[in-house]
Amino acid sequence: MDNIVTVDGPSGVGKGTLSQWLCNKTGFLLLDSGAIYRALAYGSIVEKISETDIDALVTLAINLPVSFYATNVLYDNKDVTASIRNEETAAIASKIASITEVRTALLERQKSFYNKGSGLVADGRDMGTVVFPKAKVKLFLTASAAERAKRRVKQLKSQGVDAILTQITLDIEQRDERDRTRLSSPLVPASDAIIIDTTYLSIEKVYQIAEKALWDNGILK
Ligand code: DC
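Residues numbered from 1 in each chain as written. Predicted model: local features only at pLDDT ≥ 70, side-chain atom pairs only at ≥ 80, totals over all residues. Heavy atoms only, no water.

K.L.:
Would you take a moment to explain the packing of helix H7 (residues 145-158) against helix H8 (residues 165-181) for this structure?
P.N.:
The description of two packed helices rests on the angle between their axes and on the distance between the axes. Where H7 contacts H8, the axes come no closer than 9 Å and their chain directions differ by 125°. What the angle tells us is that H7 and H8 run oblique. Considering the relative orientation of H7 and H8, their crossing is right-handed. Here H7 contributes Ala-145, Arg-148, Ala-149, Lys-150, Arg-152, Val-153 and Leu-156 to the contact with H8, which in turn contributes Leu-165, Ile-168, Thr-169, Ile-172, Glu-173 and Asp-176. The residue makeup of the contact of H7 with H8, split by class, is seven nonpolar, one polar and five charged. (Axes fitted to C-alpha atoms, helices over the stretch in contact; angles between N-to-C directions. Helix = DSSP H or I, 4+ residues; strand = E, 2+ residues; numbered from the N terminus. Parallel < 35°, antiparallel > 145°, perpendicular 65-115°, else oblique. Left-handed = near helix turned anticlockwise from the far one by under 90°. Contact = heavy atoms within 4.5 Å. Nonpolar A, V, L, I, M, F, W, Y, C, P; charged D, E, K, R; others polar.)

What follows is the structure, given as structure tokens:
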């Protein structure tokens, strides 16, 4: 078993907040795998690579100039934290993430974030199933699409971005459908994952459930 906590689930379910909290609690490093897919989408826009040009996307994925500095994401040493979070990049990321060759090209890169000495919290869609199947604790968060859209609109508004709930709900449902039904690493809980439906839970309650799993599995002592 590896000293890893995986946090998987659909978009807008609160994985990022929980993962950050778990890092603070454990002192583990963070892998935000979604940021890697988003950085690839960002790169494809910059390099004018079409979503259907698999060879060019794979080449870019292998050489992706992405790095992390604290919670910031750098592309070619430029801070792209805010630009990779917009809806356009998210939609492209979701499309190119369904290409098997792209996922394979990013696999080793993601695995390399784990180093036995420091432990890892890995946030994504297939962390517990494909990238880190030997993780000690696997959490899978869910929430209804309506609730996730509500949370996303609140988040966008707090950033001064105008958002329409019906459009965001539709975007989330389309992305969910693509993530769940793709052939390669579809969004499914690992058979040994703890599933937490957060629709009606406060964030504190989610933390409590996750913390208990860490104690039960010897990550917290
Ligand atoms: O978690 P996120 O919203 O930042 O992820 C952006 C996109 O990347 C999302 O549509 C799904 C995809 N993704 C993935 O396929 N596998 C991962 N491990 C992480 C993200």
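From this point, the discussion proceeds with the structure in view.
K.L.:
I keep staring at the sheet that holds strand E7 (residues 135-142) and nothing clicks. Help me out?
P.N.:
Pairing between the strands of a sheet is mediated by backbone hydrogen bonds and can be parallel or antiparallel. The strand order E2-E6-E1-E7-E8 describes an open sheet built from five strands, whose pairing is parallel. Single-partner strands in this sheet number two, and they are strand E2 (29-32) and strand E8 (194-197). Sheet twist, expressed as the average angle between the axes of neighbouring strands with direction ignored, equals 20°. Two elements, strand E1 (residues 2-8) and strand E6 (residues 120-124), share five bridges in a ladder whose sense is parallel. Among the inter-strand pairings, Asp-8 is bridged to a residue of E6, identified as Gly-124. Helix H1 (residues 15-26) rests against E1, E2, E6 and E7 of the sheet, and its axis sits at about 180° to E6. In this fold helix H2 (residues 33-46) packs onto E2 and E6, with an angle of close to 40° to the strand it touches most, E2. (Pairing = 2+ DSSP bridges.)

K.L.:
Help me out: how do you make sense of the packing of helix H4 (residues 87-96) against H8 in this one?
P.N.:
Close contact between H4 and H8 brings their axes to 10 Å; oriented N to C, the two are set at 20°. Between H4 and H8, the angle falls in the class roughly parallel. The element H4 and its partner H8 pack so that their crossing is left-handed. Facing H4, whose interface residues are Glu-87, Ala-90, Ala-91, Ser-94 and Lys-95, H8 presents Ile-168, Asp-171, Arg-175, Arg-178 and Asp-179. A class-by-class count of the residues in the contact of H4 with H8 yields three nonpolar, one polar and six charged.

K.L.:
Can you walk me through the nonpolar core in this structure?
P.N.:
Leu-40, Leu-64 and Phe-132 are the most contacted members of the largest nonpolar core, which has 34 residues in total. If you list the elements that add at least two residues to this core, you get H2, helix H3 (54-62), strand E4 (72-75), H4, helix H5 (100-111), E6 and helix H6 (127-131). With residues near it in sequence (within four places) discarded, Phe-132 still touches Ile-4, Thr-6, Leu-31, Gln-110, Lys-111, Tyr-114, Leu-120, Ala-122, Met-127 and Lys-138. Grouped together as the second largest cluster of nonpolar side chains are 20 residues, Phe-28, Ala-143, Ala-213 and Leu-220 included. (Core = buried A, V, L, I, M, F, W, Y, C linked by side-chain atoms within 4.5 Å. Buried < 20%, exposed > 50% of the residue type's maximum accessible area, 1.4 Å probe, protein only.)

K.L.:
Would you mind going over the pairing of E6 with me for this structure?
P.N.:
Both faces of the sheet carry side chains from a regular strand, because those side chains alternate between them. The buried count for E6 comes to five of five residues, which makes it a mostly enclosed element. Neither face of E6 is left uncovered, since the one carrying Leu-120, Ala-122 and Gly-124 and the one carrying Val-121 and Asp-123 both have all their residues buried. Note: E2 against E6, four bridges, orientation parallel. When the bridges of E6 are listed, Leu-31 appears paired with Ala-122.

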